[in-house]
Amino acid sequence: VTHSFQYVIDGKPAGQPSDLASYNPDSYPKAGVPKGKLSEKFTITSTIFDGMKANYWIYASPGVDPSTPAAMMVWQDGQNIARGEGGNLRLFTVTENLVAQKRIPPMVHVLIEPGQSPEGRAMRSVEYDTVSDRYTRFLMEEVLPEVEKHYKLRPDGYSRGISGESSGGICSFTSGWFAPEKFARIHSTIGS
């Protein structure tokens, strides 16, 4: 955090106090560091979630060979990351810099947007807040096989991570709970 702030109107606090994010040097593009590749938007229709449609993107860091199994990270609310250079996380830039420094292996990020039911109802809470193996099965049986049509993925939990914030955080924890052999690295930010 670089600093905290709160808006004040007519001498009274307005809204909630906020922190301004601080970025380290690996959060900025560096000369000579190769760029990764963000796919177009893909849409999947789920049978596990009764016809729900969900969008997803695939980001492959430099060094990912489509025919060699790669480490992988799944990101809930991935539409926020797919914008720009990886959203506020600066995910793409950080990944590229850390891969170039050989601090992490070349990897694939799967960015998933919460789905919509066939009737157009938002499914985020159903997908993310339900404490069962249903969402994990959706990933393992429906999403990741589609990703593997583009990039091979390492099958072991040690090489796989999952991350989310709020409901996405509990979803990530739940996936690791129900399938630790498939997701051993869990990042849950303020998990519900």
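Scope of this entry: the structure provided in the associated data block.

Reading the values: rules and limits
Residues numbered from 1 in each chain as written. Predicted model: local features only at pLDDT ≥ 70, side-chain atom pairs only at ≥ 80, totals over all residues. Heavy atoms only, no water. Core = buried A, V, L, I, M, F, W, Y, C linked by side-chain atoms within 4.5 Å. Buried < 20%, exposed > 50% of the residue type's maximum accessible area, 1.4 Å probe, protein only. Helix = DSSP H or I, 4+ residues; strand = E, 2+ residues; numbered from the N terminus. Contact = heavy atoms within 4.5 Å. Phe/Tyr/Trp six-rings, centres within 6.5 Å; stacked < 30°, edge-to-face > 60°. Salt bridge = Lys/Arg side-chain N within 4 Å of Asp/Glu carboxyl O.

## Description of the nonpolar core
Okay, so step 1: Residues Val 108, Val 110 and Val 147 are the most contacted members of the largest nonpolar core, which totals 29 residues.
Okay, so step 2: Secondary structure elements with two or more residues in this core: strand E4 (42–45), strand E5 (53–60), strand E6 (71–75), strand E7 (107–112) and helix H4 (134–147).
Okay, so step 3: With 6 residues, the top contributor of residues to this core is H4.
Okay, so step 4: Apart from the residues lying within four places of it in its own chain, the contact partners of Val 147 are Tyr 56, Ile 58, Val 108, Val 110 and Leu 153.
Okay, so step 5: Listed in part, the 11 residues of the second largest apolar core include Met 73, Trp 75, Leu 91 and Leu 111.

## As for the packing of aromatic side chains
Okay, so step 1: Scanning all chains against the criterion turns up 8 aromatic pairs.
Okay, so step 2: Ring geometry for Tyr 59 and Phe 92: centres 4.3 Å apart, planes at 10°, overall stacked. In this pair, Tyr 59 is assigned in strand E5 and Phe 92 in helix H2 (residues 91–100), connecting sequence segments 33 residues apart.
Okay, so step 3: Relative accessible area serves as the criterion here: at 4%, Phe 92 is assigned to the buried category.
Okay, so step 4: Ring pairing ties together the aromatic residues Phe 49, Tyr 128, Tyr 135 and Phe 138, which thus form one cluster.

## Quick word on the environment of Ile 48
Okay, so step 1: Structurally, Ile 48 can be placed in the loop between E4 and E5.
Okay, so step 2: Along the primary structure Ile 48 and Phe 5 are separated by 43 residues, whereas in three dimensions their C-alpha atoms are 44 Å apart.
Okay, so step 3: Setting aside anything within four residues of it in sequence, one finds Ile 48 in contact with Arg 134, Arg 137, Phe 138, Glu 141 and Glu 142.

## Let's talk about unusual backbone geometry
Okay, so step 1: Positive phi, normally seen in glycine, also occurs at Asp 50, with a value near 50°.
Okay, so step 2: Along the polypeptide, Asp 50 turns up in the loop between E4 and E5.
Okay, so step 3: Assessed through its relative accessible area of 60%, Asp 50 is described here as exposed.

## Some words on the pattern of salt bridges
Okay, so step 1: The final tally for this structure, using the stated rule, is 8 salt bridges.
Okay, so step 2: A salt bridge links Arg 124 to Asp 77, with the nearest nitrogen and oxygen atoms 2.7 Å apart. One end of the pair, Arg 124, is in helix H3 (residues 124–129); the other, Asp 77, is in the loop between E6 and helix H1 (79–82), with 47 residues separating them in the sequence.
Okay, so step 3: Between Glu 146 and Lys 149 there is a salt bridge, with its nearest N and O atoms 3.0 Å apart.
Okay, so step 4: Because the salt bridges share partners, they merge into one network encompassing Asp 26, Lys 30 and Arg 103.

## Considering the environment of Ser 117
Okay, so step 1: Mapped onto the elements of the fold, Ser 117 is located in the loop between E7 and H3.
Okay, so step 2: In the structure, Ser 117 is positioned 115 residues away from Thr 2 in sequence and 41 Å away in space, judged by C-alpha atoms.
Okay, so step 3: Contacts of Ser 117, omitting those with residues within four sequence positions, involve Met 52 and Met 123.

## Details of H2
Okay, so step 1: Burial of H2 is extensive: 8 of the 10 residues sit out of reach of the surface.
Okay, so step 2: Positioned one or two residues after H2, Lys 102 has a phi angle of 60°, which is positive.

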